[in-house]
Each structure stands twice: as structure tokens, then as C-alpha cells.
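One-letter residues, chain by chain:
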Protein chains: 2
Amino acid sequence: MNHALSFEDWVRAHGQRTELVLESLLDAANANPVRLHAAMRYAAQGGGKRIRPLLVYAAGELGDDSGEEKNNALDSAAFAIECIHAYSLVHDDLPCMDDDDLRRGRPTVHKAYDEATALLVGDALQTRAFEVLANTQCDGNTRLAMISALASASGSRGMAGGQAIDLESVGKKLDLTGLKQMHAMKTGALLSCSVQMGGIAAKLNAIQMQHLKNYSEALGLAFQIVDDVLDVTADSQTLGKTAGKDAANDKPTYVTLMGLDYAKKAATDLQETAIASLESFGAKAQALKDLALLVVNRGK
Amino acid sequence: MNHALSFEDWVRAHGQRTELVLESLLDAANANPVRLHAAMRYAAQGGGKRIRPLLVYAAGELGDDSGEEKNNALDSAAFAIECIHAYSLVHDDLPCMDDDDLRRGRPTVHKAYDEATALLVGDALQTRAFEVLANTQCDGNTRLAMISALASASGSRGMAGGQAIDLESVGKKLDLTGLKQMHAMKTGALLSCSVQMGGIAAKLNAIQMQHLKNYSEALGLAFQIVDDVLDVTADSQTLGKTAGKDAANDKPTYVTLMGLDYAKKAATDLQETAIASLESFGAKAQALKDLALLVVNRGK
């Protein structure tokens, strides 16, 4: 982290870097097929907190190396993780899944376009993530390690698998262990993968990668608990999506299982665990530490 | 090609090899989440002609090398291309796309399971394709070249893009040029990629890869023309899917644009072009040549 920058400035700079990377690596909105490419941009460029790319860049600051290849690897990782995240939201919003009309304060892709286009947008965003990683200007082992990490985190034993368990849990009484397992796959895996890809790009050693894993597992759980808290305490306009949806669907959440106060405390405890995991990195881990604070104290 | 084998034996042997590869590289049907993994197997192991894996293996016979790494690369490529093909069928059959109830003579995935599961099955099959390629026991450059080729062929400038154009073409009067472009993306790109990945695994040089490209472009067009002919001339039971669907949907086809007789002749001409492209490979190309005959003369 450049210590001339405040964390706010750091977030702004790396948020802008993410937008530039998305702008340059997504196909142009007027490239054929136009409707599909425009909808892919609508899905990926519609704002959002960009937490995952920020985690990539923050983890990338932990290494000694700071060459062009590392920067290329970080940009591709930031792009790819955001494409996978965006694809999952587009498919998750479809009528056969969560049937949501609103996302980030705008109509969801199938509302702004149509269901078939939304299906293809998700499919093609996933493909583009792997295509960009494979073609990054950096050494082959880094590219392959990032592709493998992203596929593992987003497939049937990761994000997609977590969504499958989530579907089956509606109306069922999932206990706290079951809920944690589901979220570790559905949301946690991709958050962990963001940090992991940053570490791969920075060529960290195995011990350092283990510290990062401890950080990201605590962060991922905290992230989801805060999500459940906000679903109860914030309104739709603030969230940019439909609030109170989980309760309406009788889905188990950390709030229903733990109670609101205990859920808030658990999130704060996990934030402390996450930050403690970074001790050996010293000042280089400042951005990751600040991101842990941001995740737990966010208002949407 | 082992010349002790007839082509029928070759197809049987490599079809069985494909089934074994699918069996071993798909997650077990009783692995968590069970419903998703069982449905992924239902989608990928439900038969089909396995044309794409056969093209991978046939192109793999063109090189000089025949070591274990080449075999690993070919098996991963056969697996990956079939996963991508299977995912595209599962998503294509969904109500918001073609709304098909029947595929390969069995209920489609969203009929046998449900729409949300079918959506996730397609998503996770795509991811698994890239995961397996990235983790193949062969040199990194081969893995990266295969990943890049597969992503390029299946994304928004390939298969998914072709499907987007296909969606827009319903009820429109697409001309022959437009129809060819659409099919080159929707179906041709993945067929070409099968041959290309076989060539990458066999470490062919640039001139040899160009011959393969000429072969596969002719083959891809022939394949689609025959598809359109069969949609008119075969019944649903023979096809294992709903026949006459294109005409019912007022979709432009080679038959409606060329007439049935001329379409049949065009397919035969393209088959000859494909075979002529392989001349420099000599006897090693026998399986690819026989596959071109199989594609054009198939009854379903």
C-alpha cells in the first residue's frame, strides 16, 4: 500500500482501476452480437462495491515483487473474479432462482433485457473470465494457478454448489453448521479466491498463503453474517436490492438462528480474527485489514 | 489410427474412452451437493454421438508424439469439450430458450429435475471443463492453449454469441450469409475447437493447424446443413429430440433457404472439401476422414 494514500483514496484508486479493467477487457457494446455484449456490460458495469477486486489488489500488495507481470496478473484476476460474481448475480436473479427485479438499484438483466439474454450473459461472462486469465501477459504457472483456483471456487464444490444447497434449504430448518457450510461455498469460496489470486499474483509462499486463507475464511463468514443483518435492518433503497427477502422466503439466516445482537457480535469477532491472521505481513497488509473493517461496518 | 481397427471399432473404442473419462472426471453422483452432481451426470452421461470427443482423439493421431502427456491432454480435451457441449444443451433446452422436453430420447434436465437445478448444472459443467484442463498432467503451454481455444470458441464471440444471434433470428428473414455466420459461431466454433485441441495436444505446427482449420470449418458447415436436413426428413423418435421444430418456429434453415436437394448436395461437397484439406497428413488422418463421412451420412 502506498502510505501517502488514505484507505479511502486507496479504495477509490483501486475501484477506478477495476472499472478501467472492466471497460478494456469486456467486448465493446457495439461488437456483434450487440444485444449480448451490451447486456454483458450492463451486468458487469452496473456499479456494486467491487469488494472482490479490492481484495485481489490488497492481497497483491503483500509480495516483494512489483513488476509489470504482477500488475497484469492482478488486473486479470480482478476482472475474472468480478465477471464470475456478476454472472452468478445475473443467474441468481432469474425467475427460476430468486426471481428478483432489482439489483444495485436498477432492473435486473432479465428485466432490462429478457430471460434468454440474461442466461447467455451469465454463461458468456463466466467464459470470458477464464479466457482473460489464460491470455494474461504473465508467466504460465501463475495463469494456471489462478484458473484452477477460480474454477475450484466457483464450480459445483464452490459457489454453484452452495447455490444448489441454498435452493434445497428453502422452508427447511438448516442448522448453524449447515448454514455455515452453505455460505462457505456460496459466498465464502469466491471471496477467499479473490485473496488467493492476489497472493498467487504476488508469488507468496505456502505459509503466507495459509495466513491469507485464515484471513479470508473469517472474512467470508463475517461478510455473510453482515449480509443477513442488513437484510433485516436496512431498507431496499439503501441496499439497492429487495430487503427482507430471506425472511419472506422462510430461509434460514444467521439472524434467525443467532438473534440480531449475537450475529452483530459474531461479525465483529470474526473481523478481529481476520485481522490477527495478517500479523506477520506487517504494514503491507494495511489494505486487507482496512477491507475487513469495511466489510463488517458497511451499511449496504 | 491403429490400422488393425476398422473405423467402427475405432469409434467404439474412443466412444468408450470418452465414457470412461466422463465417469472418472465428473464428481460422484453421491458427492455433496448430491442433487446437483447427479443432475450433472444425467446431463453429460446421457448418451449422444460424442462427435466432439471423437474429433479430439482423431486430430490427436496426426502428430508424431504418442507419450502419456499427449494422452492426458487428449482425455482432458475430450472431457472439456463434451462438458461445454452438454452445458449448452441443458441451457438451450430451458423454457426461456428453446423450451424442449426431450433430449437424446429422455426428459431434458429441467424436466427430470427442475429449472433452477438445470441452470446450475450448465453453469457448473462449464466451470468443470476449465478446471480439468487447468489441472491436466501435461505441460503448461498445452493446457493454456487448450483453455484459450475452448474459451474463445464457447464465449460471446463463439457458441454463446451464436445462440444470441439465433434468438434474434426467430421470425426474421436471415439470409444465407447471416445463417452461415450464426451457425459458424453457434455450432461450428465448438466443432472446430475439438479438432484444434486435438492438434494442440499433438503439438502440430502452424501449417498443420491451418489444414485442420480448413477441415473443421467445412465439417462444421456440413454438420449444420445435415442437422437441418434431418429436422425435415427424420422423425422425433429417431432424432431423440423434437423434429420439425425449426419450421414450426419459422426459423430460417439451410433447407428453407437452399431447398432440400441442394442442401444435401452442399453437405456432400463440403465433406469432400474437408477430406481434401487433410491430404498432407496421409494415413494418419484416416479417422478424421471417416468422421467427415460419418457426420454427413448420419441418420440422426
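Anyway, here's the lowdown on the structure attached to this text.

Cut-offs applied
- Residues numbered from 1 in each chain as written.
- Chains lettered and ligands numbered in written order.
- Predicted model: local features only at pLDDT ≥ 70, side-chain atom pairs only at ≥ 80, totals over all residues.
- Heavy atoms only, no water.
- Helix = DSSP H or I, 4+ residues; strand = E, 2+ residues; numbered from the N terminus.
- Rg over C-alpha atoms; globule rule 2.2 N^0.38 Å.
- Buried < 20%, exposed > 50% of the residue type's maximum accessible area, 1.4 Å probe, protein only.
- Least-squares fit on C-alpha atoms with pLDDT ≥ 70 in both.
- Contact = heavy atoms within 4.5 Å.
- Buried area = accessible area lost by both parts, 1.4 Å probe.
- Salt bridge = Lys/Arg side-chain N within 4 Å of Asp/Glu carboxyl O.
- Polar contact = N/O pair within 3.5 Å; in protein donor to acceptor, adjacent residues only side chain to side chain.
- Patch = residues over 30% accessible without salt bridge, like charges linked within 9 Å, V, L, I, M, F, W, Y side chains within 5 Å.
- Areas by Shrake-Rupley, 256 points an atom, 1.4 Å probe, with all protein chains shown as cover.
- Lys, Arg positive; Asp, Glu negative; His and termini not counted.
- Charge placed at Lys NZ, Arg CZ, Asp CG, Glu CD.
- Expected span 1.5 Å × (residues − 1).

Bringing the overall build of chain A into the picture now. Counting its secondary structure elements, chain A contains 15 helices and two strands. Here chain A has a C-alpha radius of gyration of 18 Å; the compact-globule value for 300 residues is 19 Å, and the two agree. If you line up chain A on its principal axes, its C-alpha atoms span 50 × 50 × 35 Å. A burial count over chain A gives 58% of its 300 residues as buried.

Here we come to the relation of the copies chain B and chain A. Expressed as a screw transformation, the operator carrying chain B onto chain A has a rotation angle of 180 degrees and an axial translation of 0.0 Å, and the superposed copies differ by an RMSD of 0.0 Å. As the rotation angle and translation indicate, the two copies are arranged about a two-fold axis. In this assembly the copies share their binding face: 100% of the residues contributing to the interface of chain B also contribute to that of chain A.

Each partner contributes residues to the interface: chain B has 44 residues there, and chain A has 44 residues. Interface area for chain B against chain A, summed over the two sides, is near 3500 Å², with a carbon-plus-sulfur share of 67%. The tally of links between chain B and chain A comes to four salt bridges. One salt bridge in this structure joins R157 of chain A and D27 of chain B, with 2.8 Å as the shortest N-O distance. Inspection of the chain B/chain A interface yields 14 residue pairs in polar contact (both at pLDDT 80 or more). For the side of chain B that touches chain A, the secondary structure elements donating two or more residues are helix 2 (34-44), helix 4 (68-92), helix 6 (115-134), helix 7 (140-154) and helix 8 (159-169) of chain B. With 13 residues, the top contributor of residues to the side of chain B that touches chain A is helix 6 of chain B.

Okay, a negative patch on the surface next. On the surface, a cluster of negative charge is made up of D99, D101 and E115 of chain A together with D99, D101 and E115 of chain B. Mapping D99 of chain A onto the fold places it in the loop between helix 4 (68-92) and strand 1 (102-103).

So, on to the environment of A124 of chain B. Along the chain, A124 of chain B turns up in helix 6. Residue class for A124 of chain B comes out buried when judged on its relative accessible area of 1%. Those residues in contact with A124 of chain B that lie beyond four places of it in its chain are S156 and A160 of chain A together with M40 of chain B.

Residues and elements named next belong to chain A. As enumerated under the stated definition, the model contains 34 salt bridges over all chains in all. Here R103 and D93 are joined by a salt bridge, their closest N and O atoms 2.9 Å apart. Of this pair, R103 sits in strand 1 while D93 sits in the loop between helix 4 and strand 1, and the two are ten residues apart along the sequence. Among the ionic contacts, a cluster of salt bridges with common partners joins E19, R50, E82 and R104.

Our next topic: the environment of A276 of chain A. All names here are of chain A. The topology assignment puts A276 in helix 14 (residues 260-276). Judged by its relative accessible area of 48%, A276 is partly exposed. For the pair A276 and H211, spaced 65 residues apart in sequence, the C-alpha separation works out to 9.4 Å.

This paragraph deals with helix 4 of chain B. A rise of 1.5 Å per residue sets the reference length of helix 4 of chain B, with its 25 residues, at 36 Å; its end C-alpha atoms lie 36 Å apart and thus fit the reference within 8%. Among the 25 residues in helix 4 of chain B, 20 count as buried, and that is most of the element.

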